[in-house]
Amino acid sequence: MKKNSTFRRFHREYAVGESIQMRGNEPTLEHSRKLDAAKRYRHKKEKTAWFCQKISQLKNSMYVTAIGILRNKEDAEDAIQNALMQGYDHLDDLRFFDKIKPWILRILVNECYKILKKRMYTVDIEELEVFSGEDTIEQKTILWESVLALEMKYRTVIILYY
């Protein structure tokens, strides 16, 4: 009786409009494939709901971590979004579900470092000064004062090299 009720529920929920062949009480291979697909679908929905619940608990610590590294609201939001997408895509790689916080925070930190690396190579064109090729006396004075302000070990290296 149990198998028959399971079959009816499966047929009603997942195989609407399709007939499933049964041999006595044994489902056919086609039925078992559809049942496996239904289980995987239900498992994926449960995993997605679990992931969303855990992320809603971790959103404040993720935001604080991203802001602490990037010091920019928009970049922090981008990093969090990328980390969540990566975490969801690789959710099957998570071995211990109780370790989701360090796992997702590590993904977030790596995303933040990627953004910092991209930002490091970007320079605004307005911030660039035009180099004329000739040093003025004022520029040489500022440079010499900067060298003299260095610690002795760095000053010695700079003076000996240049």
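That block above? That's the structure.
Residues numbered from 1 in each chain as written. Predicted model: local features only at pLDDT ≥ 70, side-chain atom pairs only at ≥ 80, totals over all residues. Heavy atoms only, no water.

Peer 1: Describe the overall build of the protein, with residues and values.
Peer 2: Broken down by element type, the protein carries 6 helices and 2 strands. Reading the protein from its N terminus to its C terminus gives the helix and strand order α-β-β-α-α-α-α-α. Expressed as a percentage of its 162 residues, the buried residues of the protein come to 20%. Taking contacts inside the protein between residues at least 6 apart in sequence as the whole, the part at least 24 apart equals 57%. When the accessible area of the protein is evaluated, it comes to approximately 13,500 Å², of which 55% is carbon and sulfur surface. (Helix = DSSP H or I, 4+ residues; strand = E, 2+ residues; numbered from the N terminus. Buried < 20%, exposed > 50% of the residue type's maximum accessible area, 1.4 Å probe, protein only. Contact = heavy atoms within 4.5 Å. Areas by Shrake-Rupley, 256 points an atom, 1.4 Å probe, with all protein chains shown as cover.)

Peer 1: Residue-level account of the pattern of salt bridges, with values.
Peer 2: Scanning the entire structure with this criterion turns up 3 salt bridges. Taking the shortest distance from any N to any O, the salt bridge between lysine 47 and aspartate 92 comes out at 2.6 Å. Placement of lysine 47 in helix α2 (residues 29–70) and of aspartate 92 in the loop between α3 (73–89) and α4 (100–120) is noted, with a sequence separation of 45 residues between them. Judged by its relative accessible area of 16%, lysine 47 falls in the buried class. Classification of aspartate 92 as exposed rests on a relative accessible area of 61%. We note a salt bridge from arginine 119 to aspartate 75, for which the minimum N-O separation is 2.8 Å. With arginine 119 in helix α4 and aspartate 75 in helix α3, the pair connects residues that are 44 residues apart, well separated along the chain. On the accessibility criterion, aspartate 75 (18% relative accessible area) is buried. (Salt bridge = Lys/Arg side-chain N within 4 Å of Asp/Glu carboxyl O.)

Peer 1: Describe in detail the environment of aspartate 75, supporting the description with residues and values.
Peer 2: With 37 residues separating them in the primary sequence, aspartate 75 and cysteine 112 have C-alpha atoms 8.1 Å apart. In this view, aspartate 75 contacts Leu70, Ile115 and Arg119; residues no more than four positions away in its chain are not counted. Polar contacts involving the side chain of aspartate 75 include one to the side chain of arginine 119, which spans 2.8 Å. (Polar contact = N/O pair within 3.5 Å; in protein donor to acceptor, adjacent residues only side chain to side chain.)

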